[in-house]
Amino acid sequence: MNILLTNDDGIFVPGLWALHAALREWGDVTVVAPRAEQSGISHAITYRTPISAERVLLDGSVGGYAVSGTPADCVKFGVLELLEEPPDVVVSGINLGLNVGHNVFYSGTVAAAIEGAMNGILSVAFSSCPSNADQLDRVAAEALRVLKMILELGPETALAYNVNLPSLRDGEPEIMFTQQGAVPFGERYRGGEGRGTYQLHIPTGVHRRPNEGCDEHAVEAGMISVTPLRADLTDQDSLRLLERSARPES
Ligand code: MN
């Protein structure tokens, strides 16, 4: 199993290397990750300026490619240039912070998985509750369990998966297949540090009643959320309604 591992928090964060340690027990892992943090960069790519990749060593033994670009750049460049052949799987994470609901659109972690899927490669993004920061090895073990399950059960048409892990307690959390949540976060702008500046504030801990069956609801209930995603944003229901409306009565 050849695995391309990336993230959006940067190549030196513990979340990526915890996942690396779990994955390398199981396959050949090539790390291609951003040199600097790229959280919230979404699916941005670098095409107006050149990018570069340099070999970096973490602790003198394991290493990877640090890319001067975004998570989507890392996957694109990894697949098209760095790796001799396309990987079997693209894995992104572990992001320390959930990527549920509308965050799927802002997340660089998820964008890396979508980029993998755009290249025809099965890709999985892993994000975790920040409260698991001191037990990343356990998060990584759970991530590997989910990855193996996706490879076993995943339909051939579904290439991108968004996985969110709840705050881990005793025992193995249940895995739930979910849809992407759609409840707004209730964001506000507050005065920033500089005169005339504003800072986006995203409230946390507010009970927003996520709809049942969605990613956020599953994580709040202590389950691992697995959402299959697609790069095609077409609203199929509306497309059919529009076609029906436009068709002359016969
Ligand atoms: Mn991040």
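Residues numbered from 1 in each chain as written. Predicted model: local features only at pLDDT ≥ 70, side-chain atom pairs only at ≥ 80, totals over all residues. Heavy atoms only, no water.

*Asks:* Would you explain the coordination of the manganese ion in this entry?
*Replies:* For a metal bound by four donors in a tetrahedral arrangement, the ideal donor-metal-donor angle is 109.5 degrees, while six donors in an octahedral arrangement ideally sit at 90 or 180 degrees. With distances of 2.1 to 2.3 Å, the protein atoms coordinating the manganese ion are Asp8 (OD), Asp9 (OD), Ser39 (OG) and Asn95 (OD1). Each donor residue of the manganese ion lies on the same chain, and together they follow the pattern D-D-x29-S-x55-N. Residue Asp8 is found in the loop between β1 (2-6) and α1 (14-23), and its partner Asn95 is found in strand β5 (residues 89-96); the two are separated by 87 residues along the sequence. On the basis of relative accessibility, which here comes to 2%, the residue Asp8 falls in the buried class. Accessibility expressed as a relative area gives 8% for Asn95, which makes it buried. (Donors = N, O, S within 2.8 Å, 3.2 Å for Na, K, Ca; no water. Helix = DSSP H or I, 4+ residues; strand = E, 2+ residues; numbered from the N terminus. Buried < 20%, exposed > 50% of the residue type's maximum accessible area, 1.4 Å probe, protein only.)

*Asks:* Would you mind showing me how to read the pairing of β1 here?
*Replies:* A regular strand places its side chains on the two faces of the sheet in alternate fashion. Counted residue by residue, β1 has four buried out of five residues, so it is predominantly covered. The sheet contact formed by β1 and strand β2 (residues 28-34) spans four bridges and is parallel. Of the residues in β2, the one forming a bridge with Asn2 is Asp28. Considered for its hand, the β-α-β crossover made up of β1, α1 and β2 is right-handed. Across four bridges, β1 lies against β5 in parallel orientation. (Pairing = 2+ DSSP bridges. Right-handed = clockwise from strand over helix to strand, strands pointing away.)

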